[in-house]
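Descriptive analysis of the structure
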Amino acid sequence: MTDALERALASLDVRTGSTRRVTLAAGGDIVLPTDSATLLYLLSGEITGDMGLRAGCEVDAPTGDGRHVRGRRTLLAGDAAVSLGCRPLVLSSQSGAEVIVVSAEITPSDVVATLPGIVLVTGFARLEPAAAALADNLGPHPDGLSCDRPGDTVVCRLMIRSVLLSAVRAWASTGAWPAPIADPFLARVAAAVEAEPGRDWSIDHLASLAAMSRSVFAERFRDALGRSPAGYVTEVRIREAKRLLDAEMPVSEISRSLGYASDEGFRRAFRRHTGVAPSSWRARAVTA
C-alpha cells in the first residue's frame, strides 16, 4: 500500500488558479464551483455545509478514522477540505471565519477518478503541521503589503501541491483509496474483485485471471499491493460493507451480498478490520 500510495501521489499534477484569503462575516458564505477543484484551509472561526448523501469522505486526523460524509458538517480552525467540484457546495459561517480558498486543476483523470467528490480532514493542522504552516501563508499577505518576488508563482504552486497532497494522503491513509496498480494483470484482478466483492474468490481463480501460477501470482500481488490476495478481497468487502451500512442496508443483506456464510462471520470480519461492530459503525455515522 505504501509504494502504491507514493506512486499515486507522485503522479498527481496540480495546476493552480486563483488563491484567496476570504474573511467571512457572521452569516457569510463561500460557494465552491463545479468547474474546478478547490482546496480550503480554515485559519479561524467555523464554516458549515450540507454534503448531501455520500458526497465524499471525512477523515478525523488525530484518530485516523474515515467515514462517508452525509448531511451537514462543520470545519473548525486547522481543518482542511478538498472538493473536486462534482456538485455545487455552499459553506456558511454563523460566527465569522477566515479561510484560504485555492482553485486548482488536478490530473491525471484516472487517478482523480479514484478520489471522493470531497475530502474533509478534521485536525489537519495537528496531523500535518508543516503543510498547515504552508497553507497559513497562501494568498495575499494579511497586512495588505505587497511582497512579490521573482519565482513566487512557482513557489506558490509547489506550496499548494504540498498542502493538497497532504490532505489526500490523510484520507488515503485510512485505507479507503484503491490506489492505481501499475501491473496490468494485477490491475485486472483488482478490478474484478472491486466489481464483484461478494464472489467466491479462490486463489486459483484470481491467479487464472492474472494468467500466472498460484505461487508467482501470490508473490507479485503481495509485492505490488502490500497484502495477500485474500487480504485484499477482505479489504474490498469491508470497504463496501461500510458504504452499505451508511446506506442503511440491513446487516443480513450486506452479509449475503458480500459472500459471507453467516451474519456472525461477517460481524467478526468487520470488527476485526474496523475495531467496532457493524451496528456501532452505522450508529456512529448517523450521529456524527
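In this text, all values refer to a predicted model and were calculated from it rather than measured experimentally.

What counts, and at which threshold
- Residues numbered from 1 in each chain as written.
- Predicted model: local features only at pLDDT ≥ 70, side-chain atom pairs only at ≥ 80, totals over all residues.
- Heavy atoms only, no water.
- Helix = DSSP H or I, 4+ residues; strand = E, 2+ residues; numbered from the N terminus.
- Buried < 20%, exposed > 50% of the residue type's maximum accessible area, 1.4 Å probe, protein only.
- Contact = heavy atoms within 4.5 Å.
- Areas by Shrake-Rupley, 256 points an atom, 1.4 Å probe, with all protein chains shown as cover.
- Core = buried A, V, L, I, M, F, W, Y, C linked by side-chain atoms within 4.5 Å.
- Polar contact = N/O pair within 3.5 Å; in protein donor to acceptor, adjacent residues only side chain to side chain.
- Pairing = 2+ DSSP bridges.
- 1 Å grid on protein atoms, 1.4 Å probe; cavity = no way out; pocket = protein on both sides within 12 Å on 5 of 7 lines; lining within 4 Å.
- Points joined across faces, edges and corners; volume = space filled by probe spheres on them.
- Salt bridge = Lys/Arg side-chain N within 4 Å of Asp/Glu carboxyl O.
- Expected span 1.5 Å × (residues − 1).
- Arc of directions from axis to C-beta.

1. Points about the overall build of the chain
From N to C terminus, the chain includes 12 helices and 8 strands. For the chain, the residues scored as buried account for 45% of the 288 residues in total. Long-range pairs, those at least 24 residues apart, make up 77% of the contacts in the chain between residues at least 6 apart in sequence. Summed over its atoms, the accessible surface of the chain is roughly 13,900 Å², and 53% of this surface lies on carbon and sulfur atoms.

2. Focus on unusual backbone geometry
Not every positive phi belongs to a glycine, and A211 is a case in point at roughly 60°. Relative to the assigned elements, A211 resides in the loop between helix 7 (203–209) and helix 8 (214–225). For A211, a relative accessible area of 60% gives the class exposed.

3. What to know about the nonpolar core
Counting residues in each nonpolar core, the largest one holds 36 residues, and the members touching the most others are L39, Y41, I106, F124, L164 and W171. Counting only elements with at least two residues in this core, the list comes to helix 1 (2–11), strand 3 (37–60), strand 5 (80–83), strand 7 (97–107), strand 8 (118–122), helix 4 (129–136) and helix 5 (152–176). Considering each element in turn, this core owes the most residues, 10 residues, to helix 5. If sequence neighbours within four positions are ignored, I106 has contacts with L12, D13, A37, L84, V112 and L164.

4. Description of the side chain of S83
Counting through the fold element by element, S83 comes out in strand 5. In this structure S83 comes out as buried when scored by relative accessible area, which is 4%. There is a polar contact of 3.2 Å between the side chain of S83 and the backbone nitrogen of G85.

5. Let's talk about the pairing of strand 7
Burial of strand 7 is extensive: 8 of the 11 residues sit out of reach of the surface. Pairing of strand 1 (residues 13–24) with strand 7 involves 10 bridges; the strand directions are antiparallel. Note that in strand 7 the partner of T16 across the bridge is A104.

6. So, the side chain of E128
By the secondary structure assignment, E128 is in the loop between helix 3 (124–127) and helix 4. A polar contact of 2.6 Å, which involves the side chain of E128, links it to the side chain of R169. Other than its neighbours up to four places away in sequence, E128 contacts S166 and R169.

7. Points about the environment of A269
Within the fold, A269 resides in helix 11 (residues 263–274). With 32 residues separating them in the primary sequence, A269 and R237 have C-alpha atoms 9.6 Å apart. Beyond its immediate stretch of four places on either side in the chain, A269 contacts I238 and Y260.

8. Observations concerning empty space enclosed by the protein
All told, the structure shown has 1 cavity of 30 Å³ or more when counted by the stated rule. Lining the largest cavity are V82, L84, L115, P116, V119 and V168.

9. Thoughts on the pattern of salt bridges
All chains considered together, the criterion is met by 10 salt bridges. Notably, a salt bridge pairs R220 with D183, separated by 2.4 Å at the nearest N-O pair. Separated by 37 residues along the polypeptide, R220 in helix 8 and D183 in the loop between helix 5 and helix 6 (184–195) bring together distant segments of the chain. R239 serves as the salt-bridge partner of E235, at 3.7 Å between the closest nitrogen and oxygen. Of the two residues, E235 and R239 both sit in helix 9 (residues 229–246), 4 residues apart, roughly one turn of that helix. Put simply, E194, R227, E235 and R239 are held in one network by salt bridges that share partners.

10. Considering helix 11
Each α-helix winds once per 3.6 residues, and so residues spaced three or four apart point in a common direction. Taking 1.5 Å per residue, 12 residues should reach 16 Å; helix 11 reaches 16 Å between its end C-alpha atoms and fits that length. When we look at burial in helix 11, the residues that qualify are G265, F266, A269 and F270. All buried residues of helix 11 fall inside an arc of 130° around its axis, so they share one side. Two residues or fewer after helix 11 comes G275, characterised by a positive phi angle close to 85°.

11. Details of helix 4
Every buried residue belonging to helix 4 is among A131, A132 and A135, and all of these are buried. Looking down the long axis of helix 4, one finds its buried residues gathered within 100° of arc, a one-sided arrangement. The exposed residues of helix 4 that point more than 90 degrees off its buried face are P129 and A130.

Any functional reading would require information that these geometric values do not contain.
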